[in-house]
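Chain residues, written in single-letter form:
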Amino acid sequence: MFSAFSSVDYHSIQARTPTDRAVKRLDGIGLVLSDLDISGIQTQDDVTRMLWTLDAANKCVRAVLAEFRTQPATEQLARKARNLIDLIERARDQVVSFQAGDAVVG
């Protein structure tokens, strides 16, 4: 689901402005999320860990956006943050429906 972020070359991105640094932070969050594998959920602990990770990522994205509350955020920053939040919400819905479908063992 988050594989779109795995192709970003994070080392070549040079943060020159506060917005660039914020975008770089969002890219890092996307990189971490690209390693999540919902299909690998087998236990209730896996569900709990996945939901915790998604909630933490969501809070991190919102914290990055909060830094720009008093400044106009760039189109790139707003778009990237909205995309991440949408992906996190869809992944969370999948995990919850996966859990509700009794696909989780013990």
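Check the entry above for the structure.
These figures come from a predicted structure and were not determined experimentally.

Look at helix H2 (residues 44–66) against helix H3 (residues 75–100): their axes get within 10 Å of each other, and the N-to-C directions meet at 165°. Considered as vectors, H2 and H3 are oriented roughly antiparallel to each other. The way H2 lies across H3 gives a crossing that is left-handed. Residue-level contacts link Gln44, Val47, Met50, Leu51, Leu54, Asp55, Ala57, Asn58, Val61, Arg62, Val64 and Leu65 of H2 to Leu77, Ala81, Leu84, Ile85, Ile88, Glu89, Ala91, Arg92, Val95, Val96 and Gln99 of H3. Of the residues that constitute the contact of H2 with H3, the class distribution is 16 nonpolar, three polar and four charged.

Now for the nonpolar core. Leu26, Ile29, Leu33, Leu54, Val61, Leu77 and Val95 are the most contacted members of the largest nonpolar core, which has 22 residues in total. Only helix H1 (18–33), H2 and H3 provide two or more residues apiece to this core. Ignoring anything within four residues of it in the chain, the contact list for Leu77 reads Thr19, Ala22, Val23, Leu26, Val64, Leu65 and Phe68.

Glancing now at the pattern of salt bridges. With the rule as written, the count across this model stands at six salt bridges. Arg25 serves as the salt-bridge partner of Glu67, at 2.9 Å between the closest nitrogen and oxygen. Placement of Glu67 in the loop between H2 and H3 and of Arg25 in helix H1 is noted, with a sequence separation of 42 residues between them. You can call Glu67 partly exposed: its relative accessible area is 46%. Measuring nitrogen to oxygen at the nearest pair gives 3.0 Å for the salt bridge that ties Asp46 to Arg49. Within this pair, Asp46 and its partner Arg49 are both found in helix H2, separated by three residues, close to a single helical turn. According to the relative accessible area criterion, Asp46 is partly exposed, its value standing at 22%.

So, how was this worked out
Residues numbered from 1 in each chain as written. Predicted model: local features only at pLDDT ≥ 70, side-chain atom pairs only at ≥ 80, totals over all residues. Heavy atoms only, no water. Axes fitted to C-alpha atoms, helices over the stretch in contact; angles between N-to-C directions. Helix = DSSP H or I, 4+ residues; strand = E, 2+ residues; numbered from the N terminus. Parallel < 35°, antiparallel > 145°, perpendicular 65-115°, else oblique. Left-handed = near helix turned anticlockwise from the far one by under 90°. Contact = heavy atoms within 4.5 Å. Nonpolar A, V, L, I, M, F, W, Y, C, P; charged D, E, K, R; others polar. Core = buried A, V, L, I, M, F, W, Y, C linked by side-chain atoms within 4.5 Å. Buried < 20%, exposed > 50% of the residue type's maximum accessible area, 1.4 Å probe, protein only. Salt bridge = Lys/Arg side-chain N within 4 Å of Asp/Glu carboxyl O.

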